[in-house]
Amino acid sequence: MFGFFTRLANPQRFIAFTDKLLPALVVLTVGLTFVGLWGAWFSAPPDYQQGETIRIKYIHVPAAWMSMFGWTMMSLSALGTLIFRHPLADVAQKSAAPIGTAFCFICLVTGALWGKPMWGTYWVWDARLTSVLVLFLMYLGVMALWRAIEDQGLAARMVAILTLVGAINLPIIKFSVDWWNSLHQPASVLRLDGPAIHSSQLWPLLVMGLAAKMLFITLLLLRMRTELAERRIQRLTRLAAQEGA
Amino acid sequence: MIPVFASLGPHAAYILISYAVAAVVLGALILSSLRAYRSARRRLSAMSSRDDADAA
């Protein structure tokens, strides 16, 4: 496993690897999305309490999972930058931030749209909602920091440190519904006792979660290829300027 | 569209807007990612062609 990541440290090898992987990921993402949406809309029954509004779950929950997955991935990349000095670690981290931000935004908006009919309000300052809002603001902060610092190496180290500090928010988000009195419902999928959702609603949710993850990985690899190309362009431009001088 | 809307109950608008927001945000993310990738490849290719022309 470690050797696999070491071999991919070479950008050319990474590009060759993703040349083969990306088309398969696209097909998988599209296929899973269609199956998940079919399950969410035509197979899963309405909830006995929430009625048809439960359909929002099939995008809200995967979006929440991906927003946390994004920051987890960025945290691992940060370790790769600071400890292992892996050449692609900061590329991965920079590329993941906008994707995580998008999913976090979807989670917050769909959560508000789900909350209004269910709780009678779009927003409450409870532990779960507030901690996810903090995650969204941290995502924006990371993207702003990348843009603010010209030196890529310095930016990578500073963003890595910020990301690792921000990782404390992940267990807070996860356990907020257990630690505090929260309007948000407690965990119903990832629990020690097993999922509390009926299988007819669970399988579309898991398929949508998998589809979201495949989309995340697909976009991540695409954005990493873009970032590598941009860095090569900057290097070649600098070289041309030096030769011209 | 109208039959689908009618069968979703009294909170249909919230459901449909949620899916619309997700589609718009993810659609924009996918399109911007593809655009940035194609732009970078085009510029890199142009630089490589210029280098080859200079070398020749």
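What you see is a predicted model, and the numbers here were worked out from it, not measured in a lab. (Residues numbered from 1 in each chain as written. Chains lettered and ligands numbered in written order. Predicted model: local features only at pLDDT ≥ 70, side-chain atom pairs only at ≥ 80, totals over all residues. Heavy atoms only, no water.)

## Notes on the overall build of chain B
Broken down by element type, chain B carries 2 helices and 0 strands. Burial analysis of chain B (56 residues in total) assigns 29% to the buried set. (Helix = DSSP H or I, 4+ residues; strand = E, 2+ residues; numbered from the N terminus. Buried < 20%, exposed > 50% of the residue type's maximum accessible area, 1.4 Å probe, protein only.)

## Observations concerning the overall build of chain A
If you tally the helices and strands in chain A, you get 8 helices and 0 strands. For chain A, the α and β elements follow one another from N to C terminus as α-α-α-α-α-α-α-α. Dimensions of chain A, computed from the C-alpha atoms along their principal axes, are close to 70 × 35 × 30 Å. Within chain A, the fraction of its 245 residues that count as buried is 49%.

## A look at the confidence of the model for chain B
For chain B, per-residue confidence averages 86 on the pLDDT scale, and residues scoring 70 or more make up 88% of the total. As a predicted assembly, this complex carries a pTM of 0.91 together with an ipTM value of 0.90. (pLDDT = per-residue confidence, 0-100.)

## Overview of the interface of chain A and chain B
Contact with chain A, which involves 34 residues of that partner, is made by 24 residues of chain B. Around 2600 Å² of area is buried between chain A and chain B when both sides are counted, 79% of it from carbon and sulfur atoms. If you sort the residues of chain A by the area they bury against chain B, Trp41(A), Leu113(A) and Ile233(A) come out on top, with a joint share of 19%. On inspection of chain A and its partner chain B, the count reaches 1 salt bridge. Between the two partners, chain A and chain B, sit 4 residue pairs in polar contact (both at pLDDT 80 or more). Every element with two or more residues in the side of chain A that touches chain B is listed here: α2 (11-43), α3 (57-84), α4 (89-119) and α8 (199-244) of chain A. (Contact = heavy atoms within 4.5 Å. Buried area = accessible area lost by both parts, 1.4 Å probe. Salt bridge = Lys/Arg side-chain N within 4 Å of Asp/Glu carboxyl O. Polar contact = N/O pair within 3.5 Å; in protein donor to acceptor, adjacent residues only side chain to side chain.)

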